[in-house]
Amino acid sequence: MCATLAHSEEPVLLDPSLLQPASDKMIAEGKFKRDKPWTIGFSWPGVGNTWIVQTIQEIKYAASQDPNIKELVFVEANWQPNKQVSDIEDLLTRKIDALLVLPINPDLVKAQIAVARSRNIPVIVYTPAGTTMDADLTFYGGGEFFGKAGGEFLKKKLGGKGTIWAFRGVPGSADDFTRYNGLVKALEGTDIKIGSEVYGEWNYAKSKQLCENLVATGQPVDGIWFSGAEMTRACIEVFNEIGKPLVPMTGEGNNGFLRIWKETGVDSMGAVFTPGIGPAMVRAATALLEGKSLHQSYASDPKPITAENFDKFYRPDLSDAYWMPSTLPENVLMETFKR
């Protein structure tokens, strides 16, 4: 990251502890300036877990608070790459002023993004750290940053040697590949080996069955790396149910995971993948449409949640569905997540 690149006159897209410029290249002032109010198109890959639900809520809340946004046209592709192509093509017929995209398959939407850019419509994308896209402004997060944080934790806890299990996400997805790649990079030069590797698909039920199967084999395990907190929670419960001593396990910034971390005393950490990236994309769009200059890329690689800073993140008054850090104001958090 290029943490020293931000200029004091730049709009604040997200708390600086969560987002920093990742390039010294700037978008020229006034390049995308348009008359108010604006219509913003947002192509989302699909719905599913609670992180997605909260992120969409934060996106829509941020748009509702900006009087210069006439309409946020939000569409989701039900995790079908071809539908996302059609969604973007449809958005381009709606006379949108800016296009925001979280691509399912970056290669499949290249042509549509190129069309938008040819019309001087600013294109803002999110893509996992470790991948690239040809857009006007790119947000990087999760991905290798996420995987490496967990890998570094296990490397330290195991003293650079031992056997771990790796619970990956959805096969073929960019987030799965880049998160796992971050783990592999963190373990380079150590004597830690990955004894078993399974795809839990970020799903609690599937991961619980996979963890039960691995435990039943009697395979050695000194630590476990997870690509998502629901999988961690499932495996902790498996260990507890059969009375197997807990080993160091990685997690992420989800309140339900932090709750079970606190209750069981498992040796853990939480990689941070903030829902705030969504609202930051909306703020970037409005800044460009106002004619302001922004960096061409930003990275979200926050410090992880640890035993030392745990109490700054855990919210016992909120439900397990809450993900942190959030951009929602306290009153909205309480209305949405109060236990």
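Residues numbered from 1 in each chain as written. Predicted model: local features only at pLDDT ≥ 70, side-chain atom pairs only at ≥ 80, totals over all residues. Heavy atoms only, no water.

As a further point, take the overall build of the protein. Of regular secondary structure, the protein possesses 11 helices and 12 strands. Against the globule reference of 20 Å for 339 residues, the protein gives a C-alpha radius of gyration of 20 Å, in line with a compact fold. When the backbone C-alpha atoms are referred to their principal axes, the protein occupies close to 65 × 40 × 40 Å. Once the 35 positive and 41 negative side-chain charges of the protein are each reduced to a mean point, those two points are 1 Å apart. (Helix = DSSP H or I, 4+ residues; strand = E, 2+ residues; numbered from the N terminus. Rg over C-alpha atoms; globule rule 2.2 N^0.38 Å. Lys, Arg positive; Asp, Glu negative; His and termini not counted. Charge placed at Lys NZ, Arg CZ, Asp CG, Glu CD.)

Moving on, we come to the pairing of strand β12 (residues 297-300). Burial along β12 is two-sided: the residues S297 and A299 and Y298 and S300 are all buried. Pairing analysis gives 2 bridges linking strand β1 (residues 20-21) to β12, with the strands arranged antiparallel. When the bridges of β12 are listed, Q20 appears paired with A299. In the sheet, strand β6 (residues 137-141) pairs with β12 via 4 bridges, with the strands oriented parallel. Paired with Y140 across the bridge in β12 is A299. (Buried < 20%, exposed > 50% of the residue type's maximum accessible area, 1.4 Å probe, protein only. Pairing = 2+ DSSP bridges.)

A separate point is the nonpolar core. Judged by nonpolar contacts, the single largest core of 50 residues is most densely connected at F42, W44, L100, I124, L137, F139 and M281. With 9 residues, the single largest contributor to this core is helix α9 (residues 277-289). Aside from chain neighbours lying at most four places away, what touches L137 is I27, V123, I124, V125, A284, L288, L294, H295, Q296 and Y298. Ranked by size, the runner-up nonpolar core spans 35 residues in total, among them V198, V215, W261 and F313. (Core = buried A, V, L, I, M, F, W, Y, C linked by side-chain atoms within 4.5 Å. Contact = heavy atoms within 4.5 Å.)

Our focus in this paragraph is the pairing of strand β9 (residues 223-226). Taking every second residue as pointing to the same face, both faces of β9 are buried, with G223 and W225 on one and I224 and F226 on the other. Judged from the 4 bridges that link them, strand β7 (residues 161-168) and β9 form a sheet pairing that is parallel. Bridge pairing in β9 links W165 to I224.

What follows concerns the environment of L92. Here L92 is to be found in the loop between α2 (81-91) and β4 (98-101). A relative accessible area of 12% means that L92 is categorised as buried. Among residues more than four places away in sequence, those in contact with L92 are Q112, V115, A116, R119 and I121.

This part is about the environment of V123. Looking at where V123 falls in the secondary structure, it is placed in strand β5 (residues 123-128). Among the residues examined, V123 registers a relative accessible area of 0% and is labelled buried. For the pair formed by V123 and K36, sequence separation is 87 residues and the distance between their alpha carbons is 18 Å.

Another point: the packing of helix α1 (residues 50-64) against helix α11 (residues 330-337). For the pair α1 and α11, interaxial distance at closest approach is 13 Å and the crossing angle is 140°. Classified by the angle their axes make, α1 and α11 are oblique. Note on packing geometry: the crossing formed by α1 with α11 is right-handed. Contacts between α1 and α11 involve Q54, Q57 and Y61 from the former and V332, T336 and F337 from the latter. Here the contact of α1 with α11 is composed, by residue class, of 3 nonpolar, 3 polar and no charged. (Axes fitted to C-alpha atoms, helices over the stretch in contact; angles between N-to-C directions. Parallel < 35°, antiparallel > 145°, perpendicular 65-115°, else oblique. Left-handed = near helix turned anticlockwise from the far one by under 90°. Nonpolar A, V, L, I, M, F, W, Y, C, P; charged D, E, K, R; others polar.)

With that settled, consider the state of the cysteines. Evaluated as defined, the whole model comprises 1 disulfide. Covalently, C211 is tied to C235 through a disulfide, its sulfur atoms 1.9 Å apart. Its torsion about the S-S bond being 60°, the disulfide of C211 and C235 is classed as right-handed. On the criterion of sequence distance, the pair formed by C211 in helix α6 (residues 204-217) and C235 in helix α7 (residues 229-242) is long-range, its members being 24 residues apart. The residues C211 and C235 share a single accessibility class, namely buried. (Disulfide = S-S within 2.5 Å.)

For the coordinates displayed, the defined rule picks out 12 aromatic pairs. Their ring planes at 80° and their centres at 5.1 Å tell us that W261 and F310 sit as a pair that is edge-to-face. Within this pair, whereas W261 is found in helix α8 (residues 255-264), its partner F310 is found in helix α10 (residues 310-313), the two being separated by 49 residues in sequence. Under the relative-accessibility criterion, W261 is labelled buried at 6%. (Phe/Tyr/Trp six-rings, centres within 6.5 Å; stacked < 30°, edge-to-face > 60°.)

Right, let's get into unusual backbone geometry. Of the consecutive residues K36 and P37, the connecting peptide bond is found in the cis state with omega at -10°. Relative to the helices and strands, P37 is located in the loop between β1 and β2 (38-44). Its identity as a non-glycine residue notwithstanding, N120 has a phi of 65°, on the positive side. Looking at where N120 falls in the secondary structure, it is placed in the loop between α3 (110-118) and β5. You can call N120 partly exposed: its relative accessible area is 33%. The phi angle at E201 is positive, at roughly 60°, despite the residue not being glycine. The exposure class assigned to E201 is partly exposed, which follows from its relative accessible area of 34%.

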